[in-house]
Number of protein chains: 2
Amino acid sequence: MTSKRPVAGATRRAVLGSAARLAGLASMSGLLGLPLAPPARAQTPAPSDPLSSWSDGPTKQAIIDLVRATTDPGSPNFVAPEDRIATFDLDGTLWVEQPSYTQVVYALDRVPALVKAKPELAGREPFKTVLAGDRAAIAKLSETELETISAATLTGVTVETFRTETNKWLETAQHPRWKRLYTELAYQPTQDVINYLRARGYRTYVVTGSNQDFVRVFAERVYGIPPEQVIGSADATKYSYGADGKPVLTIEPKLLLNNNFSGKPEDIYLIVGRRPFAAFGNSTGDRQMLEYTKAGQGARLAMIVLHDDAEREYAYGPAQGLPDTKVGYFPQSLYDEAKRQGWNVISIKNDWKRVFAFE
Amino acid sequence: MTSKRPVAGATRRAVLGSAARLAGLASMSGLLGLPLAPPARAQTPAPSDPLSSWSDGPTKQAIIDLVRATTDPGSPNFVAPEDRIATFDLDGTLWVEQPSYTQVVYALDRVPALVKAKPELAGREPFKTVLAGDRAAIAKLSETELETISAATLTGVTVETFRTETNKWLETAQHPRWKRLYTELAYQPTQDVINYLRARGYRTYVVTGSNQDFVRVFAERVYGIPPEQVIGSADATKYSYGADGKPVLTIEPKLLLNNNFSGKPEDIYLIVGRRPFAAFGNSTGDRQMLEYTKAGQGARLAMIVLHDDAEREYAYGPAQGLPDTKVGYFPQSLYDEAKRQGWNVISIKNDWKRVFAFE
């Protein structure tokens, strides 16, 4: 249930631990009248900080306050361990979503193999545009066209084949900017929050508009989040029998859960049956999940990531003047609502000391 | 996460514990040359039996063998704790399903309140028949008519109201035969299996054709099974705003998951994303879940309860000559398939030493 990815924060904590031990030895030396150990080290015996990738300030403090309020047995807002649920959007909250959602990149990359299997698609749009490899034209594909591509490339296979194919892709596909695997582009600060909450008895869920099967393939390895704690947009499966007579589940091009907007609280109810005490998002698609979380009784935390750091990541928040209506983004109206409803806005520029583990 | 219901088995184990301690004292006395403690007790220092409500024999042994094979680190079929999933049908597997499914009894009992709120339904079938209280006519209602009643009585309310109403009913409604609360009619042997598996690191799921919201209301209290481990037939919910402007989830008369037959493995995949290592059922509606479980690699257990004990419970298995086609029952064809596929048939008469906790 814990992350299998080596987290840089753990190394940092180990180093701090050594410093603290050195400090202890130093003061013993002092008592014995011996010269002090190096003072620079002796002066920083800071206790291990589970949120070390966060800058100190009200945003980081809000997370710590929620954890204290809900897990301290003496707190009036104490929450029983079985009710400690926290939900995290994926794209833009747990990893990079620019220039495209990773699931969309995967779907586009699958098009040549799909056309090989079904040559009649070669001359048909939107597959023709993707095959031609014209980046500008691909960037202009509508949401409906992208959905057509996703429906064609992510379905029609058994759940085992889907897992194998996705894993193969994740092992080699690289992000165009960092030239690193997509799974390396997980944000260290939200991962720190996941680990911190989990250490305090919370169960942490991914609640994403991306395809549930796709996200389940890497969520355990990358975030320490097991498949049953991944809620995403989900296609129906069909139970039938393979050539060997054994039962198989095949993914159908039939959307069962559209896990965006109102779909997020509805699906959290369907799958978890409990209201979260903390929710993290970054776009209009998370609005209802944040609102639903914050409307619960007792201490609740709703946080929304504002992408305002073009240098270390991307900047596409309200400061960049995007239209309010763009789906999946953070328009001014969402910023205003966050302020009105008491959500905490996370500024990547100001609140995140470090963005990625590899930094 | 543990059952809050006092389980008679726990008391029995405590008694056995005392006997074992007495036996220990007895042999010490023997060493000291003192007279032995009462021999009857000294001869039964049986170790605490987690399946004490089961008669010894191959059926009980199959459960023990599965647990040993999957949880002993030295076993070739050892299963990592996170993959230890066991699924249990509800009606007829975890509690009594005769003369009607409890959820159906609840839906019928809700009809007067429904008609009070919507008087136009009074003269309309099937509500008219239910209102008239003619038991023979009610017993003859078709499945479609019962679904109409369930759709009307179990939806159109917020999820909080649904929970309150269901709880109120469960606190007073009695089974016609035993004159006990329905929740008291949980089977002790399958509860023993749930506790036994859970103590060995398994997560135990209810996977039922009954309404998911309904079952979640009591599953934690009665079986120690939390809401996120209840998978049932589920209606969609709709996110909207109450009079106070706060968000509410209202249950809609729109079936989202039909958790019977193929729906069981499909929904297990949707919600858990892992194949069970053990599955328990009792009717045609469980066939695919048992088949899917048994078809997995390594050690797998598929068990099917045969209701063959009219004296202590009910008898409606193949021996009673029901037609093969009756849905939700255990026809001869299912019995034959169980034998062919290596499932274990549980005979209530022969395998269950005790049926209910109150016995």
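Now for a description of the structure that goes with this document. Throughout this description, residue numbers start from 1 for each chain and increase along the sequence as written. Starting at A for chains and at 1 for ligands, labels are handed out in the order in which the entities are written. Local features in this predicted model are restricted to residues of pLDDT 70 or higher, and side-chain atom pairs are both shown and tallied only at a pLDDT of 80 or more, whereas totals for entire chains, interfaces and linings draw on every residue. The side-chain quantities take in all heavy atoms of the structure and omit both hydrogens and water.

**Here's the deal with the overall build of chain A**
Next up, step 1: In terms of helices and strands, chain A carries 15 helices and seven strands.
Next up, step 2: Type-normalised accessible area, obtained with a 1.4 Å probe on protein chains alone, sets the label of each residue: buried when under 20%, exposed when over 50%, and partly exposed for intermediate values. Taking all 359 residues of chain A together, the buried fraction comes to 53%.
Next up, step 3: What makes two residues a contact is simply this: any of their non-hydrogen atoms within 4.5 Å. If you take every contact in chain A between residues at least 6 apart in sequence, the share linking residues at least 24 apart comes to 66%.
Next up, step 4: Shrake-Rupley sampling with a 1.4 Å probe provides the accessible areas, and residues are treated as covered by the protein chains on show and by no other component. When the accessible surface of chain A is totalled, it reaches about 15,800 Å², and 55% of it is carbon and sulfur. Comment: elements are numbered from the N terminus, with helices defined as DSSP H or I runs of at least four residues and strands as E runs of at least two.

**Re the relation of the copies chain A and chain B**
Next up, step 1: For the pair chain A and chain B, the relating rotation is 180 degrees, the translation along its axis is 0.0 Å, and the fit reaches an RMSD of 0.0 Å. As the rotation angle and translation indicate, the two copies are arranged about a two-fold axis. In terms of proximity to the rotation axis, the leading residue of chain A is A:I271, whose C-alpha is 3.3 Å off the axis.
Next up, step 2: An overlap of 100% is found between the interface residues of chain A and their copies at the interface of chain B, pointing to a shared contact surface. A least-squares fit on C-alpha atoms brings the copies together, and the residues used are those whose pLDDT is at least 70 in both copies.

**Some remarks on the pattern of salt bridges**
Two side chains bearing opposite charge may form a pair once their charged atoms approach each other closely.
Residue and element names in this part refer to chain B.
Next up, step 1: We count a salt bridge whenever a side-chain nitrogen from Lys or Arg sits within 4 Å of a carboxyl oxygen from Asp or Glu. For the structure on display, the rule yields 30 salt bridges over all chains.
Next up, step 2: E291 is the salt-bridge partner of R287, the closest N and O atoms lying 3.5 Å from each other. Taken together, the residues span about one helical turn, with R287 and E291 both in helix α13 (residues 287-294) at a distance of four residues.

**Observations concerning the sheet that holds strand β6 (residues 301-306) of chain B**
Residues and elements named next belong to chain B.
Next up, step 1: Being paired, for any two strands, means DSSP has found at least two bridges between them. Pairing in this open sheet of seven strands is mixed, and the strands run β4-β3-β2-β1-β5-β6-β7 from one edge to the other. Looking along the sheet, the strands with just one partner apiece sit at the ends: β4 (247-257) and β7 (344-347). On average, each strand axis in the sheet is tilted by 30 degrees relative to the strand beside it, whichever way the strands run.
Next up, step 2: Bridge count for strand β5 (residues 278-281) against β6 is four bridges, and the pairing is parallel. Considered in β6, the bridge of A278 is made with L301.
Next up, step 3: Running at roughly 160 degrees to β5, α13 makes contact with β1 (85-88), β2 (203-211), β5 and β6 of the sheet. In this analysis an axis means a line fitted to C-alpha atoms, helices contributing only their contacting stretch, and an angle means the value between N-to-C directions, from 0 to 180 degrees.

**Brief notes about the interface of chain A and chain B**
Next up, step 1: Counting residues at the interface gives 39 residues for chain A and 40 residues for chain B.
Next up, step 2: Across the chain A to chain B interface the summed buried area is about 3,300 Å²; carbon plus sulfur atoms make up 52%.
Next up, step 3: The largest per-residue losses of area from chain A upon contact with chain B belong to A:Y239, A:Y269 and A:L270, which jointly make up 21% of the total buried on that side.
Next up, step 4: Across the contact surface, chain A and chain B share eight salt bridges.
Next up, step 5: Close ionic contact of B:E228 with A:R274 constitutes a salt bridge, the shortest N to O distance being 3.0 Å.
Next up, step 6: In protein, a polar contact requires one atom able to donate a hydrogen and another able to accept it; more generally it is a pair of N or O atoms within 3.5 Å, and residues adjacent in sequence count only if both atoms are side-chain atoms. Linking chain A with chain B are 22 residue pairs in polar contact (both at pLDDT 80 or more).
Next up, step 7: Elements with a contribution of two residues or more to the side of chain A that touches chain B: α9 (159-170), β2 (203-211), α11 (212-223), β3 (230-241), β4 (247-257), α12 (263-271) and α13 (287-294) of chain A.
Next up, step 8: Grouping the amino acids of the side of chain A that touches chain B by side-chain chemistry returns 18 nonpolar, five polar and 16 charged. Defined here as a combined quantity, buried area equals the accessible surface (1.4 Å probe) lost by two parts on assembly, summed across both. Gly is placed with the polar residues, together with every amino acid not listed as nonpolar (Ala, Val, Leu, Ile, Met, Phe, Trp, Tyr, Cys and Pro) or charged (Asp, Glu, Lys and Arg).

**Quick notes on helix α10 (residues 188-199) of chain B**
All names here are of chain B.
Next up, step 1: What a helix should span is 1.5 Å times the count of its residues minus one. Between the first and last C-alpha of α10 there are 16 Å, a value that for twelve residues agrees with the 16 Å anticipated at 1.5 Å per step.
Next up, step 2: For α10, the complete set of buried residues consists of Q188, P189, T190, Q191, D192, V193, I194, Y196 and L197.
Next up, step 3: G201, located one to two residues past α10, shows a positive phi value of around 85 degrees.

**Concerning the side chain of B:T153**
Next up, step 1: Note that B:T153 resides in helix α8 (residues 143-153).
Next up, step 2: Leave out the neighbours within four places in its chain, and B:T153 touches B:A107, B:R110, B:V111 and B:L114.

**Considering the packing of aromatic side chains**
Next up, step 1: Paired rings are identified among Phe, Tyr and Trp, the last through its six-membered ring, by centres lying within 6.5 Å, and are further divided according to the angle between planes into stacked (under 30 degrees), edge-to-face (over 60) and tilted (the rest). In this structure the tally under the stated criterion is 33 aromatic pairs over all chains.
Next up, step 2: When the centroid spacing of 6.0 Å and the interplanar angle of 75 degrees are considered together, the rings of B:W54 and B:W352 count as edge-to-face. Of this pair, B:W54 sits in the loop between α2 (39-42) and α3 (58-71) while B:W352 sits in the segment after α15 (348-351); the two residues are 298 residues apart in sequence, bridging distant segments of the chain.
Next up, step 3: Geometrically, a charge over a ring is one whose NZ (Lys) or CZ (Arg) sits within 6 Å of the ring centre while staying within 35 degrees of the ring normal. The aromatic ring of A:Y292 is capped on one face by A:R275, whose charged end is 4.2 Å from the ring centroid.

**Brief notes about helix α9 (residues 159-170) of chain B**
Next up, step 1: With twelve residues, α9(B) should reach 16 Å at 1.5 Å per residue; the first-to-last C-alpha distance of 16 Å fits that figure.
Next up, step 2: For α9(B), the complete set of buried residues consists of B:V159, B:F162, B:T166, B:W169 and B:L170. All buried residues of α9(B) fall inside an arc of 95 degrees around its axis, so they share one side.
Next up, step 3: Looking at the packing, one finds that the buried side of α9(B) touches α12 of chain A together with α4 (102-109), β2, α11 (212-223), β3 (230-241) and β4 of chain B. Here the arc refers to the set of directions running from the helix axis out to each C-beta atom.

**Considering the environment of A:F356**
Next up, step 1: Locating A:F356 in the fold gives a position in the segment after α15 (348-351).
Next up, step 2: Remark: the alpha-carbon pair of A:F356 and A:P189, spanning 167 residues in sequence, is separated by 8.0 Å.

**Points about the packing of α9(A) against α11(A)**
Any two packed helices are characterised by the angle at which their axes cross and by the distance between the axes.
Residues and elements named next belong to chain A.
Next up, step 1: Remark: α9 packs on α11, axes separated minimally by 9 Å, with the N-to-C direction vectors making an angle of 60 degrees. What the angle tells us is that α9 and α11 run oblique. As α9 runs across α11, the sense of the crossing is right-handed. Only D213, F214, V217, F218 and R221 of α11 make contact with α9, whose side of the interface consists of F162, R163, T166, N167, W169 and L170. Any angle between 65 and 115 degrees counts as roughly perpendicular, while under 35 counts as roughly parallel, over 145 as roughly antiparallel, and the rest as oblique. The handedness criterion is simple: a crossing whose near helix is rotated anticlockwise from the far helix by less than a right angle is left-handed, and one whose near helix is rotated clockwise is right-handed.

**Let's talk about the environment of A:V230**
All names here are of chain A.
Next up, step 1: Along the chain, V230 turns up in strand β3.
Next up, step 2: In this structure, the C-alpha to C-alpha distance between V230 and S347, residues 117 residues apart in sequence, is 26 Å.
Next up, step 3: With residues near it in sequence (within four places) discarded, V230 still touches V206, Q212, V215, R216, A219 and I225.

**Digging into the pairing of β3(B)**
Residues and elements named next belong to chain B.
Next up, step 1: Burial of β3 is extensive: nine of the twelve residues sit out of reach of the surface.
Next up, step 2: Bridge count for β2 against β3 is four bridges, and the pairing is parallel. Residue pairing in the sheet places V206 in a bridge with V230 of β3.
Next up, step 3: By the bridge criterion, seven bridges tie β3 to β4 in an arrangement that is antiparallel. Opposite S240, over in β4, you have V248 as the bridge partner.
Next up, step 4: Counted between consecutive antiparallel strands, the loop separating β3 from β4 contains five residues, among which G245 sits at a positive phi close to 85 degrees.

**What to know about the sheet that holds β4(A)**
Residue and element names in this part refer to chain A.
Next up, step 1: The strand order across the open sheet formed by seven strands is β4-β3-β2-β1-β5-β6-β7, and the pairing between neighbours is mixed. Two strands bound the open sheet, and with one partner strand each, they are β4 and β7 (344-347). Mean inter-strand twist for the sheet, computed between neighbouring axes without regard to direction, equals 30 degrees.
Next up, step 2: Contacting β1 (85-88), β2, β3 and β4, α12 runs over the sheet at an angle of about 130 degrees to β2.

**Description of the packing of α12(A) against α13(A)**
Residues and elements named next belong to chain A.
Next up, step 1: Between α12 and α13, whose axes approach to 7 Å, the crossing angle comes to 60 degrees. As judged from the angle between their axes, α12 and α13 are oblique. Note on element contacts: α13 touches α12 through Q288, M289 and Y292, opposite K264, P265 and I268.
Next up, step 2: Split into classes, the residues belonging to the contact of α12 with α13 amount to four nonpolar, one polar and one charged.

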